[in-house]
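Observations on the three-dimensional arrangement
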Amino acid sequence: QVQLVESGGGLVQPGGSLRLSCAASGSIRSIYDMGWYRQGPGKQREMVAAVTSGGNTNYADSVKGRFTISRDAAKNMVYLQMNSLKPEDTAVYYCNARLLTMTRFWGQGTQVTVSS
């Protein structure tokens with residue numbers, strides 16, 4: 001079992017920045033990769049960014065060049081730095097951990113709203 005707790009969401013103006021944090025606990029050593037997903041109003045959940053235990057990263061095309069995922073293994077934390085935010089980035093953002101068995105765990109989500 002892995003427990004995930006997100007923080008850092010909020011309201012920001014277009015062009016602004018936010019940093020999301022995710023604290024992981026539990027069976028940390030079984031984690032293959034961690035990532036961020038989001039679900040906007042009336043949309044399906046989509047992958048935003050992911051980072052493997054080896055440090056390889058993957059991003060959705062819509063956020064490349066604007067978002068950066070990072071992981072601090074010593075602190076069991078994963079972060080999502082979001083810059084140049086757009087209204088279409090508005091969504092509930094979920095932290096995700098995928099184990100070596102491919103089982104996934106999810107955080108409770110944090111709301112990000114980009115609006116003037």
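Up top is the structure these notes are about.
The notes below deal with the structure included here. None of the values given here were measured: they were computed from a predicted structure.

1. Remarks on the packing of aromatic side chains
Tallying each qualifying case throughout the model produces one aromatic pair. Above the face of the tyrosine 94 ring, arginine 45 is positioned so that its terminal group lies 3.8 Å from the ring centre. The cationic tip of arginine 45 hangs over the ring face of tryptophan 106; the distance from NZ or CZ to the ring centre is 4.6 Å.

2. Remarks on the pattern of salt bridges
If you walk through the whole model with that rule in mind, you get five salt bridges. For aspartate 89, the salt bridge is made with arginine 38, and the minimal N-O distance between the two is 2.9 Å. Separated by 51 residues along the polypeptide, aspartate 89 in the loop between strand E8 (77–82) and strand E9 (91–99) and arginine 38 in strand E4 (residues 31–39) bring together distant segments of the chain. As far as burial versus exposure is concerned, aspartate 89 and arginine 38 are alike and both buried. Arginine 66 is paired through a salt bridge with aspartate 89; the nearest N and O atoms lie 2.8 Å apart. On the criterion of sequence distance, the pair formed by arginine 66 in the loop between strand E6 (57–59) and strand E7 (67–72) and aspartate 89 in the loop between E8 and E9 is long-range, its members being 23 residues apart. Taken together, the shared-partner salt bridges connect Arg38, Glu46, Arg66 and Asp89 into one network.

3. A few points about the pairing of E7
Where E7 meets E8, six bridges bridge the pair, whose relative direction is antiparallel. Along E8, the bridge assignment pairs isoleucine 69 with leucine 80. Counted along the chain from E7 to the antiparallel partner E8, the turn is four residues long, and its residue asparagine 76 has a positive phi close to 55 degrees.

4. Observations concerning the environment of arginine 98
By secondary structure assignment, the location of arginine 98 is in strand E9. Apart from residues lying up to four places away in sequence, arginine 98 is in contact with Ser30, Ile31, Tyr32, Asp33, Thr103 and Arg104. Within polar-contact distance, the side chain of arginine 98 engages the side chain of aspartate 33 at 2.7 Å.

5. What to know about unusual backbone geometry
Peptide bonds are trans in most cases, and residues, glycine excluded, mostly fall at negative phi. Positive phi values are uncommon outside glycine, yet asparagine 76 reaches one of about 55 degrees. Looking at where asparagine 76 falls in the secondary structure, it is placed in the loop between E7 and E8. Judged by relative accessible area, asparagine 76 falls into the partly exposed class, the value being 28%. At methionine 102, a residue that is not glycine, the phi angle is positive and equals roughly 75 degrees. As for its position among the elements, methionine 102 is in the loop between E9 and strand E10 (104–106).

Procedures and definitions
Residues numbered from 1 in each chain as written. Predicted model: local features only at pLDDT ≥ 70, side-chain atom pairs only at ≥ 80, totals over all residues. Heavy atoms only, no water. Phe/Tyr/Trp six-rings, centres within 6.5 Å; stacked < 30°, edge-to-face > 60°. Lys NZ or Arg CZ within 6 Å of the ring centre and 35° of its normal. Salt bridge = Lys/Arg side-chain N within 4 Å of Asp/Glu carboxyl O. Helix = DSSP H or I, 4+ residues; strand = E, 2+ residues; numbered from the N terminus. Buried < 20%, exposed > 50% of the residue type's maximum accessible area, 1.4 Å probe, protein only. Pairing = 2+ DSSP bridges. Contact = heavy atoms within 4.5 Å. Polar contact = N/O pair within 3.5 Å; in protein donor to acceptor, adjacent residues only side chain to side chain.

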